[in-house]
Each structure stands twice: as C-alpha cells, then as structure tokens.
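Descriptive structure summary
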Amino acid sequence: MNKIVKTNGQLIVPDIVTIPFIEGDGVGAEITPVCQQVVDAAVEKAYGGKRKIEWKEVLAGGKAHELTGEWLPQATLDAFSEYLVGIKGPLMTPVGGGIRSLNVALRQTLDLYVCQRPVRYFQGIVSPVKQPELVDMCIFRENTEDIYAGIEWESGTPEAQKFYRFLSEEMGVTKVRFPETSGFGVKPVSREGSERLIRSAIDYALAHDMKTVTLVHKGNIMKFTEGGFKKWGYELAEREYAEELKSGRLIVNDCICDAFLQNALLKPEAYKVIATLNLNGDYVSDMLAAQVGGIGIAPGANINYQSGHAIFEATHGIAPDIAGQNKVNPSSLILSAVMMLDYMGWGEAGELITNAMESLFTRGLATNDLARFMDNGQPVGTREFGEQLIKELMV
C-alpha cells in the first residue's frame, strides 16, 4: 500500500495513495460513500487517471464496538499514525464509562493540536445575515489543552473533596462559594501548546496571503491562561516573524472573545485567520458556520503540522433521527475531503468539487436542509446530490 510520508518538512504523496477512513455512526453510512464517489470522480477528472485514492476502512464508534467490542481499536490509531492522513464520518459518544469522546480521544492520542475550520459563503445558500459573502475566515482552534483536556472531578466525589482541600489548605483559595456541592475542572494552557497553534495559524496566513491573524481570547478575566495565550502569541510573532510584520505582509492583533462574536456579525471582513483556544474555538466556529448556511456545509480538520498527521472530518453529529432516510447533507464531509486534497497538494481536484457545488447551489439543487430556504430550491436526496455533483464536476 502507498503511504504519505513527511520528509524534510514536506509531505510526499504518491500518485496512488492509501487513505484510511472511518465510516462513522448514524448518517455516516450514507455520507461517507457519497463523499468517496465524489472525490474519486474529481481526482479522475483532474489528473486523467494518473492519480488515485485507495480507501482503507478502519473502525471506530458503534460499528467498531459491534464488531470488536472496542469503541476505538488500537489498530485504528495505528493506521492513522502509519498513513499520516485520513478522514472520518461523525462518531457517537459512548454512554457511561470509558472514553468520554472518541473525537477528543483521536485528537489527543495523535496530538492533532490544530482544529482547522475554514468558513466561506457559497452563492445560492440562504443565510440569516445580510452580507454572508463578507465571511471568509479560517479558524485555528487549539485542540489538546484548555478545559477539553478533560481534567475534572464530579461534585460530591472523594476526588472533588480532596481537590478542594488542596485548593483551600495548600493554595489558600477562598473564592469557592459552595465547596460541598462544587464540581471542579482544570484549564491547562501552556506556552508550547499556544505557540505551536499560533505558529501554524501565521504560517497558513502567509501561505494563503490572508495577512491578518487575530488572537481571540478571554484574557481580561482568565489572565494567566487565556491572557498567557495572547501574550505568548505576540511574543512569538515578534520573535519569529519580525520581517513579515515590518514589511506589512503580516498583521497580528487580538480581540476579547465576546467582542469578537459581535464583531464577526457586524464587520466580518475585518477578520481572516483566527487563532484561539479550545472552548472559544468551539463557539466561534459554529457561530461563523451559521452565518454562511449552517454546520451542514462546514468542513473541518484536525492536524499536527509538525508530524504531518491529519484527520479530516464531518463537523456535525450522527443525526440518528434522519439516519437511513437519504436526507442528510453530505457537504460537510465532502468539503472536508476538499481540505484533505488541498493538504495533499491535490488542490486541482478540490477546486473542481467546490466549483461544482457552488454551481448546484446557485441553481437551487441541494439537500432539503438548504433547498427549503431557497426561492428556487429543488430538494434532492443524499445520493442524488452526490450524483448531481459528480455530473457537474465532470462537465
């Protein structure tokens, strides 16, 4: 099998490349094959048969538990580690003990420290804002620290009581108002974690001529965690990108998170690349997705720019209420595959897909979640949308 490798800081992608994938739970069984068919058609069209993806299924989530008794088999982690680049559908969160979130487990185990979420408007999509075409941003959300590290203790447990005794007796903390019934969480934010995230955002901005990188934080309240993120970001920029700052190729600024959520509605054109911490990034990415039509067309990726490892993913959930009904919008996963193609250096195939998708939306062809709001909406099923997309990109 043909693997992607990283040599001297560069991804080396063979013309016939093996890509591991997780089908996903719920609607994953519907959107994943459609996505693969679209990608295969685009690669064939762009490169005339000289390039090809060989899809390698690996297991996680409900399907994995049913077949192996495990939610996230080691073989799956090994495959993503070995092949560097992969893609996944949505995964359920196991109920009860064990893994708190399969998505978080994948990110932390493979140290995929960047959650990258580009947000752009497609002509034809109905948006709740007046000028959605002004939204063109890429969010770099730190993926391994902050409260998503999962360091917390439930109210009333011996662990929570022990932690409070430490805070009170060892650290002199007096600000816990109701200690007997409080749950506790720890929010780690490191210089190293912040710097590698912000460095990736700046490098991306320079490579894509996006110029402005905004550090979004709540450092006015959380001074040593989110405030540290801001401080370390400015120091990094001044230390490693002095020439770019001096020449005007790069502008680094910052914004308090609540102000950013307002500003992104009022003047979205002022922002290009966003670097932020884990929880802020969760809020920001979904809010921006809503401005351009919703999470159903929001792509995403989890990337380690140092090692080259990357998992591209649908950003929505498993949607069990519509699973198996040929209703779900496959665009999130398809556009995540476009990100994957760009990451691999196969951007010509990705461009064919985005151009074809915009052409369909402009004509009102979309799954029902989007078509029902269009004046000329023509709702089609999941499979039919994929078929129309392939037909359009092959023209």
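The structure under discussion appears in the preceding block.
Now for a description of the structure that goes with this document. (Residues numbered from 1 in each chain as written. Predicted model: local features only at pLDDT ≥ 70, side-chain atom pairs only at ≥ 80, totals over all residues. Heavy atoms only, no water.)

Re unusual backbone geometry
In most cases, non-glycine residues show a negative phi, while peptide bonds are predominantly trans. If you check the backbone angles, D111 has positive phi at about 55° while not being a glycine. Looking at the secondary structure, you find D111 in the loop between α4 (102-109) and β6 (114-120). Residue class for D111 comes out partly exposed when judged on its relative accessible area of 27%. The backbone phi angle of A319 is positive, close to 45°, even though this residue is not glycine. (Helix = DSSP H or I, 4+ residues; strand = E, 2+ residues; numbered from the N terminus. Buried < 20%, exposed > 50% of the residue type's maximum accessible area, 1.4 Å probe, protein only.)

Here's the deal with the environment of V213
Looking at where V213 falls in the secondary structure, it is placed in strand β10 (residues 212-217). Each C-alpha atom, one on V213 and one on K175, is 36 Å from the other, the two residues being 38 residues apart in sequence. When residues no more than four places from it in sequence are discounted, the contact partners of V213 are A201, I202, A205, L250, I251, V252, N253, V273 and A275. (Contact = heavy atoms within 4.5 Å.)

What about the pairing of strand β5 (residues 85-88)?
Along β5, one buried face is formed by V85 and I87 and the opposite face, lined by G86 and K88, is buried too. Bridge count between strand β3 (residues 16-22) and β5: 2 bridges; the pairing is parallel. Bridge pairing in β5 links I22 to K88. Relative to strand β14 (residues 310-314), β5 runs parallel, the two being bridged by 4 bridges. Its bridge partner being in β14, I87 is matched across the sheet by F312. (Pairing = 2+ DSSP bridges.)

Brief notes about the sheet that holds β6
If you trace the 10 strands from one edge of the open sheet to the other, you get β4-β3-β5-β14-β13-β6-β7-β12-β10-β11, paired in mixed fashion. Of all the strands in the sheet, just β4 (52-57) and β11 (251-256) have a single pairing partner and so form its edges. Adjacent strand axes in the sheet meet at a mean angle of 25° when their direction is disregarded. Here β6 pairs with strand β7 (residues 136-142) via 7 bridges, running antiparallel. Looking at the pairing, R117 lines up with I139 of β7. Sheet strands touched by helix α1 (residues 28-47): β3, β4, β5 and β14. Its angle to β4, the strand with the most contacts, is close to 160°. (Axes fitted to C-alpha atoms, helices over the stretch in contact; angles between N-to-C directions.)

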